Structures are given as C-alpha cells and as structure tokens.
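Residue-level structure breakdown
Chain by chain, the residues:
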Amino acid sequence: MNICVFGAASNEIDCSYIKTVEDMGTLLAKNHHNLVFGAGAMGLMGAAARGFKQGGAKITGVIPTFFQEADVEAIYEDCDELVFTETMRERKAEMENRADAFIIVPGGIGTFEELFEILTLKQLGRHNKPIIIYNINGYYSSMESMIDRAIEQHFMNDNFKLLYHYCSSYDDIIDCLSNDTNLNLSVKDVKNG
C-alpha cells in the first residue's frame, strides 16, 4: 500500500515527535507499505522518510519546482522517485492520486490544509481511502474537540467522524490500515445541506 504522510516540515519541534514518526515509518515499511510525501528532509516529513527508508520501503517525494528555486525547504535526497510539480495544488493532487491511504501526523497550517482537503474530498465521495489522524502527544485532541463542537452545533453531520480514524499508537494505525472497511456512504450520509 502507498501511504501518503502529511506532517510538519520544521525541525523546531520537540524531538519526541520526530522519533515517534521515524519509528512509525520503519514499522509501516516492515509491514510492506511504501511512502508518498512532500519530499522534505526536515521535521516530520524527513522523519517519515528516514523511517520508511530504514524499513526498506520505496519512497516517492512530490515537490513544487519553486521550493527548490526559492530554497523553501531541503529536499530528502534518498527518494526512489522525485516528482516535480508547478504548483502546490498539483503537488497535493499528485500525492492524493498516488496514495492508497493517508496518515496525518502533527504539523502546521499546511498540514491542516492537506488534512481538511482530503476529508472534504472523501465527504464528497471523490475518494474512499483510509484517513488516519495520528494524535501524537495529544496534538490533535483540541481539533477533535472542535469537530465534536461543530457536530453538536449541527454544522457537521454525526457520520462525518466515520470518514477517518483517530489513532494514538502504532498498533492502532496498523489495525486501521488492515481493517478499514469501505462504508459506501453517500454524500447525504455524511454531509449536512
């Protein structure tokens, strides 16, 4: 399975996040999964890549050309395949098309945007791939509360939470990837309005 990992590009985070994501990558690779990611060498993107590489997986990086031209971030040099796109939208589309599942690890605004885009696309029936939110150190707990609040206030449908898995351990992730069921929900089943 090709797993797309979305996460932080910054090294200015607690090293426990980096170690956890690197270990996750190694475990997933040893379970015969490959990585599709944003090609960054730093932060949790780099940690995922190093972990998958240590586990013997194929690594596909996808990055816009302007990142390299403007020195936006360092590129992970050990990608088995490196795909350049013109825009950020093309980058996300390329990663989404190549992925069989998504794991979201902690990150900033770019990671949030990627997460909510793939959730929205799944809600609208554009894909039915597993989405896992990896809640390392409780990072996504407040986001889960925000979603609960939106549901409570009827801005979102109760079934929205069926679109993703909320995991806090490696075992949870492996279980979710192995046992994800195709719910065949219609748009009306998961979306108000």
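About the criteria used
Residues numbered from 1 in each chain as written. Predicted model: local features only at pLDDT ≥ 70, side-chain atom pairs only at ≥ 80, totals over all residues. Heavy atoms only, no water. Buried < 20%, exposed > 50% of the residue type's maximum accessible area, 1.4 Å probe, protein only. Helix = DSSP H or I, 4+ residues; strand = E, 2+ residues; numbered from the N terminus. Pairing = 2+ DSSP bridges. Right-handed = clockwise from strand over helix to strand, strands pointing away. Expected span 1.5 Å × (residues − 1). Contact = heavy atoms within 4.5 Å. Arc of directions from axis to C-beta. Core = buried A, V, L, I, M, F, W, Y, C linked by side-chain atoms within 4.5 Å. Axes fitted to C-alpha atoms, helices over the stretch in contact; angles between N-to-C directions. Parallel < 35°, antiparallel > 145°, perpendicular 65-115°, else oblique. Left-handed = near helix turned anticlockwise from the far one by under 90°. Nonpolar A, V, L, I, M, F, W, Y, C, P; charged D, E, K, R; others polar.

With that out of the way, let us pick up the pairing of strand S1 (residues 2-6). Among the five residues of S1, four are classified as buried, and the element is accordingly described as predominantly covered. Across three bridges, the pairing between S1 and strand S2 (residues 34-37) is parallel. From the neighbouring strand, Cys4 faces S2, where its bridge partner is Val36. Crossover handedness for the path S1 to helix H1 (residues 15-30) to S2: right-handed.

On to H1. Along its 16 residues, H1 runs 23 Å from first to last C-alpha, staying within 8% of the 22 Å computed at 1.5 Å per residue. Regarding H1, the residues found buried are Tyr17, Ile18, Thr20, Val21, Glu22, Met24, Gly25, Thr26, Leu28 and Ala29. Where H1 is buried, its residues touch S1, helix H2 (43-54), strand S5 (101-104), strand S6 (131-134) and helix H7 (170-179). Phi for His32, located one or two positions after H1, is positive at around 70 degrees.

As a further point, take helix H5 (residues 109-123). Its 15 residues give H5 an end-to-end C-alpha distance of 21 Å, which sits within 8% of 21 Å, the value for a rise of 1.5 Å per residue. What H5 keeps buried is the set Thr111, Glu114, Leu115, Ile118, Leu119, Lys122 and Gln123. Buried residues of H5 fall within an arc of 170 degrees about the axis and therefore sit on the same side. Summarising the contacts, the buried residues of H5 are in contact with S1, helix H4 (88-98), S5, S6, helix H6 (141-152) and helix H8 (187-190). Backbone geometry just downstream of H5 places Gly125 in the positive-phi region, at approximately 75 degrees.

The next thing to look at is the nonpolar core. Ranked by size, the top nonpolar core spans 33 residues in total, and within it Val5, Met24, Leu28, Ile103 and Ile173 carry the most contacts. When contributions to this core are tallied by element, the ones reaching two or more residues are S1, H1, S2, H2, S5, S6 and H7. Those residues within four positions of Leu28 in sequence are excluded, and the remaining contacts are Ile3, His33, Phe52, Ile103, Ile173, Ile174 and Leu177. One finds Phe6, Ala99, Leu115 and Val190 within the second-largest nonpolar core, a separate group that totals 22 residues.

At a minimum axis separation of 12 Å, H4 and H5 run at an interaxial angle of 55 degrees. If you check the angle between H4 and H5, you find them oblique. The two elements H4 and H5 cross, and the hand of that crossing is right-handed. Across the interface between the two elements, Lys92, Met95 and Glu96 of H4 pack against Glu113, Glu114, Glu117, Ile118 and Leu121 of H5. Split by residue class, the contact of H4 with H5 holds three nonpolar, no polar and five charged.

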